[in-house]
Amino acid sequence: MAGSGKAHLRPESETILRVEDLHVEFPVGGGRTVYAVSGISFDIAKGETLGLVGESGCGKSTTGRAILQLPRPTRGSVKLGGEDLMAMDGEKMRQKRTDLQMIFQDPISSLNPRRMVGEVVAEPLEVWGPHDADEQWKIVSNMLDNVGIDPDVARYKRAHEFSGGQCQRISIARALVMEPELIICDEPVSALDVSVQAQILNMLEDLKAQYGLTLVFIAHDLAVVKNISDRVAVMYLGKMCELSESDELYERPAHPYTSLLLGSTPIPDPLVNIHDVPEAEGELPSPISPPSGCRFRTRCPYADEICERVEPQMRKISDDHYVACHHPLVEAEEVAVSFD
Amino acid sequence: MSDAPSSQRITKRPGDDPLLVVENLKTHFHIDAGVVRAVDGVSFKLDRGKTLGIVGESGSGKTVLSRSVMRLNIAENVETAGSVKYDGVELLGKSNKEMRDYWGVEMAMVFQDPMTSLNPVVKVGRQLTEHVRYHLNTSKKEARLAAIELLRSVKIPEPESRFDVYPHEMSGGMRQRVCIASALACGPKMLFADEPTTALDVTVQHQILNLLQQAQQDRFMTMIMVTHDLGVVAGRTDDIAVMYAGKIVEKAPTRTLFAQMKHPYTQALLQSIPRASNPKHTRLSAISGRPPDLINPPSGCKFSPRCPYAQDKCYEVEPELKADTTPGHEFACHFPVGTPEGDAAFEANMAAGKPQTLAAAGKLAATEDLVTGGAV
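Fair warning: this is a prediction, and the values are worked out from it, not measured in the lab. (Residues numbered from 1 in each chain as written. Chains lettered and ligands numbered in written order. Predicted model: local features only at pLDDT ≥ 70, side-chain atom pairs only at ≥ 80, totals over all residues. Heavy atoms only, no water.)

Caption draft 1: Highlighting the overall build of chain B. Regarding its fold elements, chain B presents 14 helices and 12 strands. Across its three principal axes, chain B shows a C-alpha extent of roughly 75 × 50 × 45 Å. Across the 376 residues in chain B, those meeting the buried criterion constitute 56%. Here the contacts in chain B between residues at least 6 apart in sequence split such that 66% fall between residues at least 24 apart. Within the structure as shown, chain B displays about 15,500 Å² of accessible surface, and the carbon and sulfur contribution to it stands at 50%. For chain B, the distance from the average site of its 43 positive side-chain charges to the average site of its 43 negative ones is 4 Å. (Helix = DSSP H or I, 4+ residues; strand = E, 2+ residues; numbered from the N terminus. Buried < 20%, exposed > 50% of the residue type's maximum accessible area, 1.4 Å probe, protein only. Contact = heavy atoms within 4.5 Å. Areas by Shrake-Rupley, 256 points an atom, 1.4 Å probe, with all protein chains shown as cover. Lys, Arg positive; Asp, Glu negative; His and termini not counted. Charge placed at Lys NZ, Arg CZ, Asp CG, Glu CD.)

Below, the structure is given as structure tokens:
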């Protein structure tokens, strides 16, 4: 990838979600195809938060949705708790979706404007039970309370009567009522102001501890992702560049793209010299005709002839730190060993 | 301030007046629900060649302020009062026709959304030359050459062929470059950049911010950069004004602001930003509550219902913006951060168990309706 390879996958017994060789392609007419996601693999252990970062068009949202089979991926396998979601028929998948929930970017438009908050949050229970209204309200009010919304005040109100941050809290409550095994958070704080963003991030951490949640956290803001994630995967043009434990990734980025992203992130400190940071070269290539070999090579300052010919594979460079690059900024472990 | 980025290269010509003097500017919108006090008494001066960052959350009035200065929100229900002097000339009260002599040639604006600020059915070239031909009275051919030169200066590859494309054929970053080129086309003395990079990816943001700064230095422009992101203005402005509920609550040279902030809102805003340099799962210091309703703002200090330092006085008496000991540093607070009064106020609130103070100290989860009272 950025490259392919599965060196970074852990034994299946340690993880609850395992995605292998995932491809998502969309036909765009004229016989052309958008290669949105091209052969990425990752896994998540129970109670872990995996951050997916990358710029727009890198396929991070598509990856999140592909886990939920929305739409069905083109190829590959998505296993949740050992069961392959790709092999399930529509009805089985429908039942399985109770284990998978999603929180969307725009909190206001992801709530039905014509329904009352009490109904919106109770909707999953309406389908899957319990069907008794009092029991439902008990679960719903408890959940609203957990996300910092007064249940008695909110019950008969509609989405427009709440702020963006409150709507996001309600969306989170709705995702949690089914007690899912995995929640996909697709840019859940990007639309919020920074003060409200901090409230929501803190709350997600609290809920994670309380319910033992497993999260896929998709965002473009590297600082936000680092704050919430245990491991972070960096994506570029449908491929995975680097995957690592979060602190390690930010301290020792090994992929030139990760380093570029980190360098471009504005730091709220006037003493940091922003002019030392190199600028990104050129533009993101089209996912319709991605570059051969390493997809980042057209913008990479280190690219040479091998990057054009051979797609780099994921390889280990230190404990829980994997990179798909021919010229990683940190010396790879295997290479170091062979020099001994 | 003297050691800030742009002033290293640009020395202020002695005796020059400030390019822009804004005094007690108020912009109120009359709507069915009441009067929205979007900008409510803002005063500042801006010297030539300097960059001012205006920072605040949504609804703080930062965009309305910059549009009011440029006279871009002229509508029946908008009431603007106060004074905006540009190069010694009062702009308030000027008609659209009179303002035409200023827009583009004297002052220009780069907007947030490059997707919608270009006309989708007009080729890029014409959008770049229309105002050049109007203001500078050049021929079509000259304007074309100038526009191509501009496209090159904003680092658009193959500018000759880009001249004849429609905006949708370009990426967001490229379109923002075109918007910048268009704003620079008539050589304005003053540039407003209203969240110029909010809609862009982080690597593109870096490119565009560098480009703006370069253009500002090359052309000795005065710039106002409006943003919600303190990270964007940290290394790129001479001064920063922090806005809350239509007012400037603190204004200081950039480094002073970050090092010795006095207003609790500035402190809270800065502390609530996640930083890549902190270890993962670092608890963020969230601000309780949410920005106030601008139709019925709270009495006293507008930040008081959310403020961890607030005392009885804050709910009753609105603090004035006053100068601090450091030159150029102004703030509006009764119990400033880092002073004995401020510390005492914080301690008293901790002892009294005020939720917003406990939340600021990380002892309680911050929520939106904790203190705003009747927000839901």
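Caption draft 2: Main features of the packing of aromatic side chains. Residue and element names in this part refer to chain B. All told, the structure shown has 8 aromatic pairs over all chains when counted by the stated rule. On the numbers, 5.9 Å between centres and 85° between planes, the contact of Tyr 86 with Tyr 102 is edge-to-face. Of this pair, Tyr 86 sits in strand E4 (residues 78-86) while Tyr 102 sits in the loop between helix H3 (96-99) and strand E6 (107-110), and the two are 16 residues apart along the sequence. Accessibility expressed as a relative area gives 1% for Tyr 86, which makes it buried. (Phe/Tyr/Trp six-rings, centres within 6.5 Å; stacked < 30°, edge-to-face > 60°.)

Caption draft 3: Quick peek at helix H1 (residues 60-67) of chain A. Residues and elements named next belong to chain A. Most of H1 is tucked away, with 6 of its 8 residues classed as buried. All buried positions along H1 are accounted for by Lys 60, Thr 62, Thr 63, Gly 64, Ala 66 and Ile 67. Phi turns positive, to about 60°, at Gln 69, one or two residues after H1.

Caption draft 4: Representation of the interface of chain B and chain A within the structure. Taken residue by residue, the interface counts 51 residues in chain B and 54 residues in chain A. Regarding the contact of chain B and chain A, the summed buried area is about 4,400 Å², with carbon and sulfur atoms giving 52% of it. Across the chain B-chain A interface, the total number found is 2 salt bridges. Where Glu245(A) meets Lys280(B), a salt bridge forms, and the shortest distance between an N and an O atom there is 2.6 Å. Counting every contact that joins chain B to chain A gives 20 residue pairs in polar contact (both at pLDDT 80 or more). (Buried area = accessible area lost by both parts, 1.4 Å probe. Salt bridge = Lys/Arg side-chain N within 4 Å of Asp/Glu carboxyl O. Polar contact = N/O pair within 3.5 Å; in protein donor to acceptor, adjacent residues only side chain to side chain.)

Caption draft 5: Spotlight on the domain arrangement of chain B. Residues and elements named next belong to chain B. For chain B, the assigned domains are domain 1 (1-106 + 190-259), domain 2 (113-187) and domain 3 (262-360). Measuring from the centre of the C-alpha atoms in domain 1 to the corresponding centre in domain 2 gives 24 Å. With 16 residues of domain 1 at the contact, the number on the domain 2 side is 16 residues. Of all residues in domain 1, Val 105, Leu 211 and Arg 219 give up the largest surface area on contact with domain 2, accounting jointly for 36% of the area buried on that side. Applying the counting criterion to the domain 1 and domain 2 interface returns 0 salt bridges. Between the two partners, domain 1 and domain 2, sit 4 residue pairs in polar contact (both at pLDDT 80 or more). If one sorts the elements of the side of domain 1 that touches domain 2 by residue count, helix H8 (residues 202-219) sits on top with 7 residues. (Domains from an automatic or database assignment.)

Caption draft 6: Region of interest: the pairing of strand E6 (residues 100-103) of chain A. Residues and elements named next belong to chain A. Across the two faces of E6 the burial is the same, with Leu 100 and Met 102 and Gln 101 and Ile 103 all buried. Bridging between E6 and strand E7 (residues 182-186) involves 4 bridges; their strand directions are parallel. Paired with Gln 101 across the two strands is Ile 183, which belongs to E7. (Pairing = 2+ DSSP bridges.)

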